[in-house]
Amino acid sequence: MARDLPAAQEFYRAVLGWSFRSTSLGDEFSVGLVDGEAVAGIGALASTLRTAVAWTPYFVVDDVNAATSRVRERSATVAVGPLAMKTGRGALAADPDGAVFGLWEGRIIPGWSIGKGQGPARLELRTRDAFAAAIFYGQVLQWAAEGAPGGTPGLDVHYEEDRVNVRDDGRTVCSLRGGAVGSAPDPRIRPRWQVSFRVPDVDAAEAAAVAAGGEVVAPASSPPTGREATLRDPDGGMFTVVSD
């Protein structure tokens, strides 16, 4: 959600090379595209909502009412909704450590997924206790631990070293990593969901972000998974760019 939708579109067009199309949700919401494939959505933030601009993941559920009830039952917060929209029903929630996420019941883009096609390369929860978070999200979203009965068919939760990986038919769709300090004033280490988008050149994207009014949170580096940098758009929304 952005404070100025046209300005946000211009920023992400310049930095990530996206084009945009409107959706059935109306003029206040658009979908970013790469080579005609959907990457993410950007919506206009209502002026009456005093909330931080951020990239927020939405998880598909069969019943958004039941899912929001499970959120509340676990001492977490449902901030908005469930609300009825043209193509489904959604809600916005925060986990017990304050990381914000969405719930969606309704129509989805066919074939869209994390780590697949032009979709986001990675989705990662950076929180204090990855294992506690995995229990919360597993119960709310009905994930099943590896070898456990129930849960979403094809979806497995794997505990590996310092993180928890959630896989759909063998492909990692999100990771939960511990170590962030929930009370720290620095937003880079507060519990949050961090999204990573693919770019052909991380250094060029970093330079384009600065030129377009954004800033560099973590300069380009080359960890084992490829080159990456963490950026912030002019509204304050953080994201990571990655290349192989």
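Above this text sits the structure in question.
Quick caveat, the model's predicted, so the values are computed rather than measured. Residue positions are counted from 1 within each chain, in the order its sequence is given. A pLDDT threshold of at least 70 governs which residues receive local features in this predicted model, and a stricter bar of 80 or more applies before side-chain atom pairs are shown or counted, although totals over entire chains, interfaces and linings include all residues. Side-chain metrics in this entry use all non-hydrogen atoms of the structure; hydrogen atoms and water are not considered.

Student: Mind showing me how you'd approach the side chain of Asn 165 here?
Tutor: Starting at the N terminus, helices and strands are each numbered in turn, a helix being any DSSP run of H or I of at least four residues and a strand any DSSP run of E of at least two. As for its position among the elements, Asn 165 is in strand β10 (residues 163–168). Categorising residues by exposure relies on relative accessible area from a 1.4 Å probe, with only protein chains included: less than 20% of the type maximum marks a residue as buried, more than 50% marks it as exposed, and the intermediate range marks it as partly exposed. In this structure Asn 165 comes out as buried when scored by relative accessible area, which is 7%. Side-chain atoms alone can form a polar contact between residues adjacent in sequence; in general such a contact is a pair of N or O atoms within 3.5 Å, and within protein one must be able to donate a hydrogen while the other accepts it. Of the polar contacts made by the side chain of Asn 165, one reaches the side chain of Ser 175; its length is 2.6 Å. Not counting residues within four places of it along the chain, the set of residues in contact with Asn 165 comprises Asp 156, Val 157, His 158, Glu 160, Thr 172, Cys 174 and Ser 175. It only takes one pair of heavy atoms within 4.5 Å for two residues to be counted as in contact.

Student: I keep staring at the sheet that holds strand β7 (residues 100–106) and nothing clicks. Help me out?
Tutor: Paired through backbone hydrogen bonds, the strands of a sheet run either parallel or antiparallel to each other. A pair of strands is considered paired only if DSSP assigns at least 2 bridges between the two. Here we have 4 strands laid out as an open sheet, ordered β4-β7-β6-β5, and mixed in their pairing. Lying at the two open borders of the sheet, with one neighbouring strand each, are β4 (58–60) and β5 (77–85). With direction set aside, neighbouring strand axes in the sheet form an average angle of 20 degrees. Two strands pair when backbone bridges link them, and β5 and strand β6 (residues 88–94) are joined in this way by 6 bridges, in the antiparallel orientation. Bridging across to β6, Val 80 finds its partner in Leu 92. Lines fitted to C-alpha atoms define the axes here, with helix axes fitted over just the stretch in contact, and angles between the N-to-C directions of these axes take values from 0 to 180 degrees. Of the strands in this sheet, β5, β6 and β7 touch helix α2 (residues 64–73), which is tilted by about 175 degrees from β5.

Student: How should I be thinking about the pattern of salt bridges in this particular structure?
Tutor: Oppositely charged side chains are able to pair whenever their charged atoms sit close together. Salt bridges are identified by distance alone: a Lys or Arg side-chain nitrogen within 4 Å of an Asp or Glu carboxyl oxygen. Applying the stated rule across the entire model yields 10 salt bridges. As a salt-bridge pair, Arg 89 and Glu 105 come within 3.4 Å of each other at their nearest N and O atoms. Of this pair, Arg 89 sits in strand β6 while Glu 105 sits in strand β7, and the two are 16 residues apart along the sequence. You can call Glu 105 partly exposed: its relative accessible area is 24%. A salt bridge links Arg 163 to Glu 124; the nearest nitrogen and oxygen atoms lie 3.0 Å apart. With Arg 163 in strand β10 and Glu 124 in strand β8 (residues 122–126), the pair connects residues that are 39 residues apart, well separated along the chain. The class for Glu 124 is buried, based on a relative accessible area of 7%.

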